Amino acid sequence: MILVTTPTGNTGSIVLQQLTEKEQKVRIFLRDPQKIPADILQKVEVATGSLLNEHEFTEALRGCDTLYFCVPQSNTQEDVNGYYEDFAKVASKAIKNAGTKRVVYLSSGGKESNLQAGLVTALHKGEDIINQCGVSVRALRCPVFFETLLYQMGSLKEQGVFSLPMDGNYKSPQIAVKDIASKAVEFLTDNTWTGVEGVTVRGPEDISYNEIAGQMSIVTGKPIYFMEISKEDYIKTLLEKHHTSEAFAISLTEMLTAIGNGLYDLAPGTQASAGPTTIREWMIENLVAKIN
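These remarks concern the structure in this document. (Residues numbered from 1 in each chain as written. Predicted model: local features only at pLDDT ≥ 70, side-chain atom pairs only at ≥ 80, totals over all residues. Heavy atoms only, no water.)

**Digging into the packing of aromatic side chains**
Piece 1. Taken as a whole and assessed by the stated rule, the structure comprises 10 aromatic pairs.
Piece 2. Look at phenylalanine 69 and tyrosine 105: their rings are 5.8 Å apart centre to centre, the planes differ by 25°, and that puts the pair in the stacked class. Here phenylalanine 69, found in strand β4 (residues 66-69), pairs with tyrosine 105, found in strand β5 (residues 102-106); they are 36 residues apart in sequence, far enough to count as distant. Both residues of the pair, phenylalanine 69 and tyrosine 105, count as buried.
Piece 3. Taken together through their ring pairs, the aromatic side chains of Phe29, Phe57, Phe69 and Tyr105 make up a single cluster. (Phe/Tyr/Trp six-rings, centres within 6.5 Å; stacked < 30°, edge-to-face > 60°. Helix = DSSP H or I, 4+ residues; strand = E, 2+ residues; numbered from the N terminus. Buried < 20%, exposed > 50% of the residue type's maximum accessible area, 1.4 Å probe, protein only.)

Below, the structure is given as structure tokens:
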């Protein structure tokens, strides 16, 4: 049996879909089962509760050999590191209590860097806690998701512009969520692996935001531009338009700054698993209809 957390989230929902398509024995753990599509809900077991409740999490894990663990996404926390550490600490206790054997944890790339990377650093703190819980772990170390572009849909539609505090010519890895989910499912359905390892997962190519804007212009048939903005303006946008906490806004900006400083550069000898989905393929599937 596989327990899937955050089954309505970006990766969790696709992990759940792929597991049910493979007719795996799956249990989901969430607060509200009504958020799961009816056709999938009838194929899985359901445990309700909170990821921050040790007893509820432990009971959800009973009888499950493998766990897909993802810290729920939030942009309102006041202590970003503490947020990820709290979820990881409860998960670690529940894993020990239930006797679960394997954990697939959604982390981030750049684990070996010495950069202060905001949200990424918080994900790594969570990874450290999970790695110490005494079971086999595969931490998926991913770069930025293509899907983050969707948060700029308003300015893309209205002005044909998207903006970040990044050099538009700097190339870095990005990846489609469905490719991360596929890698997670690969481990979740394999009961032979042991030990604790970080697995670097990237898209098929490194790409700059100017190149992304160029691809976007081609597939939408509209002129799209990327604009580099200051960190101060980006934080202001997050606070005023997306109503995030100040702590989250600063943490996300620190992450983007670290990426521009080489956060995702691979250390010599590092091997990475490449997802197949290109940015162009992802745009055609997820972006064109929304912009047009």
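**Let's talk about the sheet that holds strand β6 (residues 136-141)**
Piece 1. In space, the eight strands of this open sheet follow the order β3-β2-β1-β4-β5-β6-β10-β13, with parallel pairing throughout. Each of the sheet's edge strands pairs with one partner strand only, and the pair in question is β3 (45-48) and β13 (272-274). Sheet twist, expressed as the mean angle between neighbouring strand axes with direction ignored, is 20°.
Piece 2. Here strand β1 (residues 2-5) pairs with strand β2 (residues 26-30) via four bridges, running parallel. Opposite valine 4, over in β2, you have isoleucine 28 as the bridge partner.
Piece 3. Sitting on the sheet, helix α1 (residues 10-21) is in contact with β1, β2, β4 and β5, with an inclination near 150° to β1. (Pairing = 2+ DSSP bridges. Axes fitted to C-alpha atoms, helices over the stretch in contact; angles between N-to-C directions. Contact = heavy atoms within 4.5 Å.)

**Considering the environment of glycine 134**
Piece 1. With respect to the helices and strands, the residue glycine 134 is situated in the loop between α5 (119-131) and β6.
Piece 2. The exposure class assigned to glycine 134 is exposed, which follows from its relative accessible area of 72%.
Piece 3. In the structure, glycine 134 is positioned 153 residues away from leucine 287 in sequence and 42 Å away in space, judged by C-alpha atoms.

**Focus: the packing of helix α8 (residues 209-220) against helix α11 (residues 279-286)**
Piece 1. Where α8 contacts α11, the axes come no closer than 10 Å and their chain directions differ by 45°. Of the possible angle classes, the one that applies to α8 and α11 is oblique. Seen from above, α8 lies across α11 with right-handed handedness. For the pair α8 and α11, the contacting residues are Ile212, Gln215, Met216, Ile218 and Val219 in the first and Ile279, Arg280, Met283 and Ile284 in the second.
Piece 2. A breakdown of the residues in the contact of α8 with α11 according to their chemical character gives seven nonpolar, one polar and one charged. (Parallel < 35°, antiparallel > 145°, perpendicular 65-115°, else oblique. Left-handed = near helix turned anticlockwise from the far one by under 90°. Nonpolar A, V, L, I, M, F, W, Y, C, P; charged D, E, K, R; others polar.)

**What about the packing of helix α4 (residues 80-98) against α5?**
Piece 1. Where α4 meets α5, the closest approach of the two axes is 8 Å, and the angle between their N-to-C directions is 20°. One way to sum up the angle between α4 and α5 is to call them roughly parallel. The handedness of the crossing between α4 and α5 is right-handed. For the pair α4 and α5, the contacting residues are Val80, Asn81, Tyr84, Glu85, Ala88, Lys89, Ala91, Ser92 and Ile95 in the first and Leu119, Thr121, Ala122, Leu123, Lys125, Gly126, Ile129 and Ile130 in the second.
Piece 2. In terms of residue class, the contact of α4 with α5 is made up of 10 nonpolar, four polar and three charged.

**So, unusual backbone geometry**
Piece 1. The phi dihedral of threonine 6 falls on the positive side, at around 45°, and the residue is not glycine.
Piece 2. With respect to the helices and strands, the residue threonine 6 is situated in the loop between β1 and α1.
Piece 3. Positive phi is not limited to glycine here, since glutamate 23 has a value of about 60°.
Piece 4. Relative to the helices and strands, glutamate 23 resides in the loop between α1 and β2.

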